[in-house]
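Understanding the architecture of this molecule
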Amino acid sequence: MSDKFFSIENLSVEYIADDEVVKAVNGITLSMKRGETLGLVGETGAGKTTSALAVMRLLPPRTGRVVSGSITVGDIDILSLSEPEMRKLRGELVAMIYQDPMTSLNPVITVGDQILEVLELHKRQSKAAMKARVAELLELVGISAERADEYPHQFSGGMRQRVVIAMALACEPELLIADEPTTALDVTIQAQVLQMIRELKTKLNTSMLLITHDLGVVAHTCDNVAIMYAGEIVEQGTVADIFNGKRHHPYTNGLFGSIPRLNKQSKRLNPIEGMLPDPTNLPEGCNFSPRCPSCMEICKIKSPRFVQSGTHRIACHLYSSEGGANA
Amino acid sequence: MYRYVIKRLLLIIPILLGVILIVFTIMNVTPGDPGRHMLGMSAPQEAVDALNETLGYNDPFPVRLLNYLKNMVRLDFGNSYRTKQPVFDEIINRFPVTFKLAIGTMILTILIGIPLGVLAAVRQYSKLDMITTFTALLLAAAPSFWLALLMILLFSLYLNILPPNGIGSFSHYIMPMLTQAVVYAASTLRMTRTTMLEAIRQDYVRTARGKGASEARVIWRHAIKNALLPVITSLGMSFGAMLGGTIVIEQVFSMPGLGSLVILAITTKDIPQTMAVTIFLATLFCMIMLVVDLLYAFIDPRVKTRYLQGRLAR
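Residues numbered from 1 in each chain as written. Chains lettered and ligands numbered in written order. Predicted model: local features only at pLDDT ≥ 70, side-chain atom pairs only at ≥ 80, totals over all residues. Heavy atoms only, no water.

All names here are of chain A. Both strand β1 (residues 4–17) and strand β4 (residues 64–73) contribute to a ladder of eight bridges, which runs antiparallel. Bridge pairing in β4 places Glu 14 opposite Arg 65. The sheet contact formed by β4 and strand β5 (residues 76–77) spans two bridges and is antiparallel. Bridged to Val 73 within β5 is Ile 76. The hairpin formed by β4 and β5 contains two residues between the paired strands, and Gly 74 there has a positive phi angle of roughly 65°. (Pairing = 2+ DSSP bridges. Helix = DSSP H or I, 4+ residues; strand = E, 2+ residues; numbered from the N terminus.)

Structure (structure tokens):
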């Protein structure tokens, strides 16, 4: 635990909508070392993007707020910074690749100027030097530098995602948050973009928090994985723990089970029955209990605690009797 | 792009034909005849009939319309029945008054409406937002003649700092501009607030914040250009309306502008004058809208692409 570079401790985030309180993130704890990639996996609405926005301190003002917890990057306590201090870090120390490339770029500013802006804000350089850097960045993500003067609508979805990536990498951030960077792309482009991110990451020794719901992407890209469900982390471990381990949280089993396989005869898909619980009204006990195929009496009363074995942690009552001693 | 401009300019012709047809018909089928108006109530009927005959007013309607169009093609818009002078003399004399009024109003509208609208949006639900939005609603709903009378009461009668009517100096223009601007600024403010509220919730604004941009930069560089697009269209239309429809303001403040000319021409059955003013204003309006659309392309690259694509598709 000594060489942690990025850590989230017991983070809870709420949204206030009308008179309801939406508990989007409920006490998650994550950490990673410099240069590592941590995959944050879960279905839509599990609180992945909210966690990422909390790290950037970009939660929607007024409606979203961090209830408790701490976020540390390097030795900086993100949540205690003033807004101007935070502004200096955004784009420089921590940068984010956004989910939807179609809406994440400003339609009335040229792509080159949008990348240039990051440099303007953080680097004291001559205009010419920054322009040269923009050209370099565009080439880096596989876009011809001549296209810097074009507008986002002149680019395809995959190209725009590359522009968003170039923007995030402009100042060589130490922590990169990639929020479903490939979800909006078709499969061939997905592979290219992922490959590119991976190469860039190795080159710059950047740590990355990769948010996705695609287990294939996780297997290819990540060192560690955290599975998120209804604002909580239910299972956490190395890629090997999650993909090859014997014991899993029933939700993780459900996730893997819902991937259709070509080598097995099955007439139907195997979805996880039910839906995410209403975040304004979470169930008693384990959040997954209403959908869990192996739900027990205790699950409906008591929230499970983490059961640890090596690097692998599971929050489920199924394993607490065996591993309860060191939980 | 220039092909687009030419296409738009050519489109003005059918629009003008439509305007001419409608206004000419209304002027010719409504009761009253120009002879009686020109000679007065006490003139003998024979003289009136004779004058109507020389003016061509006794010809059948289609013949009159055709004659008018024929003369118009030769750029002969006729003489005013009232002043006996070519109709455009009067228009050229009066246009500067209306134009100055419209420009001043426009500048005030932009200076008041847009910054306050942006501010109200950025500080949504604050006291400032509530006060400006409520005041704007009130002013947008207030009839401008009433506002004008209140202003005269305050500035001319009680404070005695501004002249109540006429066009002698710049100070004569202040109240008319203010009265009009208040109404237009109110609607501009409300519109800017709405479009701005939408813009600051867009993903690209979050992206800008994520780069470390300050709040001011996010608003004035990223959000405003997108938010202003619909506002510009509405401002363009307002400007056209100001040039043609300042009738109420010009009447209340006794300004000899185009608006009061329209009223005068209609009430005296001055057909050539009415037609000329209408044609002039319609052309002006079309030109303004063209400028607005070009401005749009200048601000929004997507629109520009569409114009260029339109050219390729032909």
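Working note: non-glycine residues mostly have negative phi, and peptide bonds are mostly trans. In this structure, Asp 18 of chain A is a non-glycine residue whose phi angle is positive, near 50°. Note on placement: Asp 18 of chain A falls in the loop between β1 and β2 (20–33). By relative accessible area, which is 78% here, Asp 18 of chain A ends up exposed. The phi angle at Ser 254 of chain B is positive, at roughly 45°, despite the residue not being glycine. In this structure, Ser 254 of chain B sits in the loop between α11 (247–252) and α12 (258–267). You can call Ser 254 of chain B partly exposed: its relative accessible area is 42%. (Buried < 20%, exposed > 50% of the residue type's maximum accessible area, 1.4 Å probe, protein only.)

One key point about sheets: their strands pair by backbone hydrogen bonds, in either a parallel or an antiparallel sense. Residue and element names in this part refer to chain A. With mixed pairing, the eight strands of this open sheet are ordered in space as β6-β7-β8-β3-β9-β10-β12-β11. Sheet topology places β6 (94–97) and β11 (306–309) at the edges, where each strand pairs with a single neighbour. With strand direction ignored, the average angle separating the axes of adjacent strands in the sheet is 20°. The strands that helix α10 (residues 250–257) touches are β3 (37–41), β9 (224–229) and β10 (232–238); relative to β9, the one it contacts most, it runs at about 100°. (Axes fitted to C-alpha atoms, helices over the stretch in contact; angles between N-to-C directions. Contact = heavy atoms within 4.5 Å.)

The subject of this paragraph is the pairing of β2 of chain A. All names here are of chain A. Where β1 meets β2, 11 bridges bridge the pair, whose relative direction is antiparallel. Within β2, the residue paired with Tyr 15 across the bridge is Val 22. From the end of β1 to the start of β2, which pair antiparallel, there are two residues, and Asp 18 there has a positive phi angle of about 50°.

Read these as layout, nothing more, since geometry by itself doesn't imply function.
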